[in-house]
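Breakdown of the fold
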Amino acid sequence: ASVANEAAQGAAAALTGPIVRGDVATIRRHLAALDPAARRLYRELATATLELAKRGGLERVKAGEIKALLTRPEGRARLSRP
């Protein structure tokens, strides 16, 4: 279904998930739950996804919050905030 959606709508329009929704709290929880190696990969993939989400219409403010979270120094990823 994902491949069909991407073919029909384009990558930016076919995206789903917390990045597209601007769900900073979920992204924060994901980062906190991952081991360091997986967290690095998540950050890289999420950064690429964020660029697509911005092209698809993600609010500028939410995009900025997500970008700040993804680029936060590694030691600060485990801070819990609502």
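Residues numbered from 1 in each chain as written. Predicted model: local features only at pLDDT ≥ 70, side-chain atom pairs only at ≥ 80, totals over all residues. Heavy atoms only, no water.

Considering the overall build of the protein chain
When helices and strands are counted, the protein chain shows 6 helices and 0 strands. Written out in order from the N terminus, the α and β elements of the protein chain read α-α-α-α-α-α. Within the protein chain, the fraction of its 82 residues that count as buried is 28%. Within the protein chain, counting contacts between residues at least 6 apart in sequence, those at least 24 apart form 69% of the total. Roughly 5,300 Å² of accessible area belongs to the protein chain as shown, and the carbon and sulfur atoms make up 57% of that amount. (Helix = DSSP H or I, 4+ residues; strand = E, 2+ residues; numbered from the N terminus. Buried < 20%, exposed > 50% of the residue type's maximum accessible area, 1.4 Å probe, protein only. Contact = heavy atoms within 4.5 Å. Areas by Shrake-Rupley, 256 points an atom, 1.4 Å probe, with all protein chains shown as cover.)

So, the packing of helix α4 (residues 24-33) against helix α6 (residues 60-71)
The geometry of α4 relative to α6 is characterised by a closest axis approach of 10 Å and an angle of 10° between their N-to-C directions. Looking at the two axes, α4 sits roughly parallel to α6. Side by side, α4 and α6 meet where Val24, Ile27, Arg28 and Leu31 of the first sit next to Lys62, Glu65, Ile66, Leu69 and Leu70 of the second. (Axes fitted to C-alpha atoms, helices over the stretch in contact; angles between N-to-C directions. Parallel < 35°, antiparallel > 145°, perpendicular 65-115°, else oblique.)

Details of the pattern of salt bridges
By the definition in use, this model includes 3 salt bridges. Put simply, Arg21 and Asp23 hold a salt bridge, and the shortest N to O gap is 3.5 Å. As a salt-bridge pair, Lys54 and Glu51 come within 3.2 Å of each other at their nearest N and O atoms. Residue Lys54 and its partner Glu51 are located together in helix α5 (residues 36-55), separated by 3 residues, close to a single helical turn. Under the relative-accessibility criterion, Lys54 is labelled partly exposed at 39%. (Salt bridge = Lys/Arg side-chain N within 4 Å of Asp/Glu carboxyl O.)

Considerations on the packing of α4 against α5
Two packed helices can be described by the angle between their axes and the distance between those axes. Here α4 crosses α5 at 150°, and the two axes come no closer than 8 Å. Classified by the interaxial angle, the pair formed by α4 and α5 is roughly antiparallel. Where α4 abuts α5, its residues Ile27, His30, Leu31 and Ala32 lie against Arg39, Tyr42 and Arg43. Residues that form the contact of α4 with α5 fall into these classes: 4 nonpolar, 1 polar and 2 charged. (Nonpolar A, V, L, I, M, F, W, Y, C, P; charged D, E, K, R; others polar.)

What is shown is where atoms sit, not what they do.
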